[in-house]
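# Topology and contacts: notes
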Amino acid sequence: MTGKKLKLGVVMDPIAAIKPYKDSTFAMLLAAEARGWELQYMQLEDLWLDSGEALASMRPLKVKDANESFFRLGDRRERPLADLDVILMRKDPPFDMEYVMSTYILERAVDAGVRVINDPGALRDVNEKAYVAWFADLCPATVITRSMAVMKAFLARHQKIVVKPMDGMGGKSIFVVTHGDANANVILETITGDGRRFATAQEFVPEITETGDTRILLVAGEAIPYGLARIPAGGDHRGNLAVGGKAEGRKLDDRDRAVCARVGPVLSRLGVMFAGLDVIGGKLTEINVTSPTGIRELDNMFSLDIAGQLMDQISASR
């Protein structure tokens, strides 16, 4: 590998708990190590500000492509984040105030000259459920509300809807509700906390049952030409792999590419170098920018090197 040897930090959930064969963050770390880059490991609790300076308790990290003994951590050392060239922010949701506070710390690192992927301001602004509102013509009908009355009216208008919390991931707490369902009221009460928190509802897209929910990855605003279709297991409307969906690789069609052509450049301008779009039947349902997954599955299915493409873009941008 050619190019500058970068110092790359990663902020993630506990590395010992990941499944390396399917973990996209791990794929990124493997690609960075293959380039001879220095890796430093951090969790959210390792970050802090002192008189405006972003600091962290870091541990040197070595990784190898294996399912057992796949990483090694060195001794902990307190260092300014400005010692690094690049930081991958790969902490999984929930997107709560703890996550938001971490983006402020990372923004001070940006001010000190560090490239953070994805940009901390974009992580705050591009909410994965809400930002589809900026592309409403590409999406199924969608409402975001705390109001039970608005939710009920939306259900009556569309007859069958999908409701989900604003800060979840992996298919958790996602409900399909049909007008007239005896459980509709309790589901809407649960998802909105009896009207105390925002939730989102979308018109049900029937293609989910046959063609699935396709995850499309974008690197520097450009779509990987293949998507990962998550097909729901029998008796479930959720395609998420974390809840039993089946993965199928598919070449993007014209509708998929049209969605990417609209969304990709906007995300790139905001500083989102790696994103995952969720598309059902040509309709955009979510824009994932916190910790999108799917790299390892698509790499294995189509002999790709998506994390390598990302590292090349990072290197070129320094």
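Keep in mind it's a predicted model, so treat the numbers as computed, not measured. (Residues numbered from 1 in each chain as written. Predicted model: local features only at pLDDT ≥ 70, side-chain atom pairs only at ≥ 80, totals over all residues. Heavy atoms only, no water.)

Along the chain, Val162 turns up in strand 10 (residues 160–165). A residue is classified by how much of its surface remains accessible, and Val162, at 16% relative accessible area, is buried. Note: C-alpha distance between Val162 and Thr142 (20 residues apart in sequence) is 9.4 Å. The contact partners of Val162, leaving out residues within four places of it in the chain, are Ile174, Phe175, Val176, Thr200, Ala201, Gln202 and Phe204. (Helix = DSSP H or I, 4+ residues; strand = E, 2+ residues; numbered from the N terminus. Buried < 20%, exposed > 50% of the residue type's maximum accessible area, 1.4 Å probe, protein only. Contact = heavy atoms within 4.5 Å.)

Read across the open sheet, the four strands follow the order 9-12-10-11; overall the sheet is antiparallel. Single-partner strands in this sheet number two, and they are strand 9 (142–145) and strand 11 (175–178). Taking each pair of neighbouring strands and ignoring which way they run, the sheet shows an average axis angle of 25 degrees. Relative to strand 11, strand 10 is paired through four bridges, and the arrangement is antiparallel. (Pairing = 2+ DSSP bridges. Axes fitted to C-alpha atoms, helices over the stretch in contact; angles between N-to-C directions.)

Moving on, we get to unusual backbone geometry. In most cases, non-glycine residues show a negative phi, while peptide bonds are predominantly trans. Note the cis peptide between Pro93 and Pro94, where omega equals 25 degrees. Within the secondary structure layout, Pro94 lies in the loop between strand 7 (86–89) and helix 2 (97–111). A cis amide bond, omega -5 degrees, links Ile117 with the succeeding residue Asn118. Within the element layout of this structure, Asn118 appears in the loop between strand 8 (115–117) and helix 3 (120–125).

Turning next to the packing of aromatic side chains. Aromatic rings in a pair are described by how distant their centres are and how their planes are angled relative to each other. Per the counting criterion, the structure on display carries six aromatic pairs. Ring centres of Phe26 and Phe70 lie 5.4 Å apart, and the angle between their planes is 85 degrees; on these two criteria the pair is classed as edge-to-face. Here Phe26, found in helix 1 (residues 24–34), pairs with Phe70, found in the loop between strand 4 (53–63) and strand 5 (71–73); they are 44 residues apart in sequence, far enough to count as distant. Relative to Phe71, the ring of Phe70 lies with its centre 5.2 Å away and its plane at 55 degrees, an arrangement referred to as tilted. By relative accessible area, Phe70 is classed as buried at 7%. (Phe/Tyr/Trp six-rings, centres within 6.5 Å; stacked < 30°, edge-to-face > 60°.)

The next thing to look at is the pairing of strand 18 (residues 283–288). The buried count for strand 18 comes to five of six residues, which makes it a mostly enclosed element. Linkage of strand 17 (residues 274–280) to strand 18, two consecutive antiparallel strands, is achieved through a turn of two residues, within which Gly281 is found at a positive phi near 55 degrees.

As for its placement among the helices and strands, Lys164 is situated in strand 10. Ignoring anything within four residues of it in the chain, the contact list for Lys164 reads Lys129, Ser173, Ile174, Ile191, Ala199, Thr200, Gln202, Thr285 and Glu286.

Glancing now at the pattern of salt bridges. Scanning all chains against the criterion turns up 17 salt bridges. Shared partners join several salt bridges into a network, and the residues in it are Asp213, Arg215, Arg230 and Asp278. (Salt bridge = Lys/Arg side-chain N within 4 Å of Asp/Glu carboxyl O.)

Next up on the list: the packing of helix 1 against helix 8 (residues 306–317). Describing two packed helices takes the angle between their axes plus the distance from one axis to the other. Contact geometry for helix 1 and helix 8: axes closest at 8 Å, N-to-C directions at 60 degrees. By the angle between their axes, helix 1 is oblique relative to helix 8. As for how helix 1 packs across helix 8, the hand of that crossing is right-handed. Together, Ala27, Met28, Ala31 and Ala32 of helix 1 and Ala307, Gly308, Leu310 and Met311 of helix 8 make up the contact between the two elements. Considering only residue class, the contact of helix 1 with helix 8 consists of seven nonpolar, one polar and no charged. (Parallel < 35°, antiparallel > 145°, perpendicular 65-115°, else oblique. Left-handed = near helix turned anticlockwise from the far one by under 90°. Nonpolar A, V, L, I, M, F, W, Y, C, P; charged D, E, K, R; others polar.)

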